[in-house]
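A structural walkthrough
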Amino acid sequence: MPGGCSWGPAAVDGRLRLARLALVLLGWVSSSSLPSSASSSTSSASFPASAASAQPPLPGGCPQPCECSEAARTVKCVNRNLTEVPADLPHYVRNLFLTGNQLAVLPAGAFARRPPLAELAALNLSGSRLEEVRAGAFEHLPGLRQLDLSHNPLAELSPFAFSGGNASVAAPSPLVELILNHIVPPADPAEWQNRSFEGMVAAALRAGQALRGLRRLELASNHLLYLPRDLLAQLPGLRHLDLRNNSLVSLTYMSFLNLTHLESLHLEDNALKVLHNGTLAELQSLPHVRVFLDNNPWVCDCHMADMVTWLKETEVVQGKARLTCAFPEKMRSRVLLELHSSDLDCDPLLPPSLQTSYVFLGIVLALIGAIFLLVLYLNRKGIKKWMHNIRDACRDHMEGYHYRYEINADPRLTNLSSNSDV
């Protein structure tokens, strides 16, 4: 049409041929590039596998039996039956869980890595059948703040487990929280090597003041019978002490004087019978402490008077209105805060079984005495005759001595006896 733009048949055919040619060229290019990219991707995928088999993974990787979260900086190797600490832990790990394994022994430098695990702050080794923790086991962990060794049959805890091989020259441990709850006794008693758990823990806590920065110590459910005198001597920064569910009978030999920062002291579910004046004065001198004393078998006799007075005046004990007497029987379930000095006496406190034993012994002795008297009564005539015979024999013997004395004393009888042969 005149004055308009129109395409003829030839022009249209030319454009179609050009489009087809472009499509063919694009198809050829894509078909040639795809195999090369696929081959390169397969080769690159196979390379790490071969490299992984030839050398350990990079520090940023995740150990094969573990689960890792780089966003949360957490590695969990739980219930994997591991016999040693994985060597290829990622460098970013901050929280490491190694619970439920078969570690048995934690050697020196068990967590030494290059580069070091500088970010590791919380380490949980509970329930991993640990029997021995050697000196320097936690070296090269400069950021370690929390350590949990609970539910392990620890038979040997090195005094230098937290301070390195030589506590005198090693840097203090960065630990802030140490959890040693429910340490299971070994199956073989000989594994204790004539060492008590109390002494073993005390040696590790006071070695070289390595744990002077410790703020929380948990020793619950360990059947502790006593606390060594210097157990807490090297822990001046301690703020929380958990001793609940043990078998502590007394705190007489325990000193809290240096724990000026102590905020909570848990003594629930022990075997405490009374707190003596020295302990009461020490607890009262701590400015921030809160003491928990529930579920102890308090003996409400005359020795309890000072403690009752102290409880009525102090605000240190939490829940003190719940404390009740356990012995003697007449005072059972009486609230300590409601007691008066007239209620507290020192009558002999014997268990019912022991009282029964003494009564039975008295009855037996009385019966024996009665039988003895009966035998004497039935044989009174024979006994009387026997006593008369003894008396007569003694009298005859004395008369013989008297006769000889008279002969020796008379000089006429002496001369007669000497001239009797004339």
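Residues numbered from 1 in each chain as written. Predicted model: local features only at pLDDT ≥ 70, side-chain atom pairs only at ≥ 80, totals over all residues. Heavy atoms only, no water.

This part is about the overall build of the protein. If you tally the helices and strands in the protein, you get 7 helices and 16 strands. Across the 422 residues of the protein, 33% fall into the buried class. Considering only contacts within the protein whose residues lie at least 6 apart along the sequence, 66% involve residues at least 24 apart. Surface accessibility of the protein: about 25300 Å² in total, with carbon and sulfur atoms responsible for 59%. (Helix = DSSP H or I, 4+ residues; strand = E, 2+ residues; numbered from the N terminus. Buried < 20%, exposed > 50% of the residue type's maximum accessible area, 1.4 Å probe, protein only. Contact = heavy atoms within 4.5 Å. Areas by Shrake-Rupley, 256 points an atom, 1.4 Å probe, with all protein chains shown as cover.)

Put plainly, two cysteines are in a disulfide when a covalent bond ties their sulfur atoms together. Under the defined criterion, the tally for this structure stands at 4 disulfides. With its sulfur 1.9 Å from that of its partner, Cys-62 forms a disulfide with Cys-68. Taking the torsion about the sulfur-sulfur bond, which here is approximately 80°, the covalent link between Cys-62 and Cys-68 counts as right-handed. Taking the relative accessible area as the measure of exposure, Cys-68 reaches 27% and is therefore partly exposed. Through a disulfide, Cys-302 is tied to Cys-346; the S-S separation comes to 1.5 Å. The disulfide joining Cys-302 to Cys-346 has a torsion of about -70° about its S-S bond and is therefore left-handed. In this pair, Cys-302 is assigned in the loop between strand 14 (298–299) and helix 4 (305–313) and Cys-346 in the loop between strand 16 (325–327) and helix 5 (352–378), connecting sequence segments 44 residues apart. (Disulfide = S-S within 2.5 Å.)

Time to look at the nonpolar core. Ranked by size, the top nonpolar core spans 83 residues in total, and within it Phe-138 and Phe-162 carry the most contacts. Mapped by element, the contributors of at least two residues to this core are helix 2 (197–206), helix 3 (277–285) and helix 4. If one sorts the elements of this core by residue count, helix 2 sits on top with 6 residues. Those residues in contact with Phe-138 that sit more than four places away from it in its chain are Leu-106, Phe-111, Leu-123, Leu-125, Val-133, Leu-144, Leu-147, Leu-149, Ala-161 and Phe-162. (Core = buried A, V, L, I, M, F, W, Y, C linked by side-chain atoms within 4.5 Å.)

Okay, the pattern of salt bridges next. Here the structure, examined in full by the defined rule, presents 13 salt bridges. One salt bridge in this structure joins Glu-119 and Arg-73, with 3.7 Å as the shortest N-O distance. Separated by 46 residues along the polypeptide, Glu-119 in the loop between strand 4 (105–106) and strand 5 (122–124) and Arg-73 in the loop between strand 1 (67–69) and strand 2 (74–76) bring together distant segments of the chain. Overall, Glu-119 belongs to the partly exposed group, its relative accessible area being 37%. In this structure, the salt-bridge partner of Asp-343 is Arg-334, at a minimum N-O distance of 3.4 Å. Under the relative-accessibility criterion, Asp-343 is labelled partly exposed at 22%. Linked by salt bridges that have partners in common, Arg-73, Arg-94 and Glu-119 make up one network. (Salt bridge = Lys/Arg side-chain N within 4 Å of Asp/Glu carboxyl O.)

A few words on empty space enclosed by the protein. As enumerated under the stated definition, the model contains 1 cavity of 30 Å³ or more in all. If you add up the space inside the largest cavity, you get close to 60 Å³. Residue lining of the largest cavity: Phe-197, Glu-198, Val-201, Leu-219, Leu-224, Tyr-226, Leu-227, Pro-228 and Leu-231, and that is the complete set. Split into classes, the residues belonging to the lining of the largest cavity amount to 8 nonpolar, no polar and 1 charged. (1 Å grid on protein atoms, 1.4 Å probe; cavity = no way out; pocket = protein on both sides within 12 Å on 5 of 7 lines; lining within 4 Å. Points joined across faces, edges and corners; volume = space filled by probe spheres on them. Nonpolar A, V, L, I, M, F, W, Y, C, P; charged D, E, K, R; others polar.)

On to helix 4. Residues Met-307, Val-308, Trp-310 and Leu-311 constitute the buried set of helix 4. One side of helix 4 holds all its buried residues, which, seen down the axis, span an arc of 165°. Summarising the contacts, the buried residues of helix 4 are in contact with helix 3, strand 14 and strand 15 (317–318). (Arc of directions from axis to C-beta.)

Another point: the sheet that holds strand 8 (residues 156–157). Pairing in this open sheet of 3 strands is parallel, and the strands run 4-6-8 from one edge to the other. Each end of this open sheet is capped by a strand with a single partner; those strands are strand 4 and strand 8. Here 2 bridges tie strand 4 to strand 6 (residues 132–133), and the two strands are oriented parallel to one another. Looking at strand 6, one finds that Leu-106 is bridged to Val-133. (Pairing = 2+ DSSP bridges.)

Next up on the list: the side chain of Lys-320. Examined against the element boundaries, Lys-320 turns out to sit in the loop between strand 15 and strand 16. For the buried residue Lys-320, which engages in no salt bridge, the nearest side chain bearing the opposite charge is Glu-315, 4.0 Å off. Of note is the side chain of Lys-320, whose polar atom sits 2.9 Å from the backbone oxygen of Leu-311. Not counting chain neighbours up to four residues away, the residues in contact with Lys-320 comprise Leu-311, Lys-312, Thr-314, Glu-315 and Leu-337. (Lys, Arg positive; Asp, Glu negative; His and termini not counted. Polar contact = N/O pair within 3.5 Å; in protein donor to acceptor, adjacent residues only side chain to side chain.)

Nonpolar side chains collect at one region of the surface, where Tyr-358, Phe-360, Leu-361, Val-364, Leu-365 and Ile-368 lie side by side and expose about 620 Å² of accessible area between them. The topology assignment puts Val-364 in helix 5. (Patch = residues over 30% accessible without salt bridge, like charges linked within 9 Å, V, L, I, M, F, W, Y side chains within 5 Å.)

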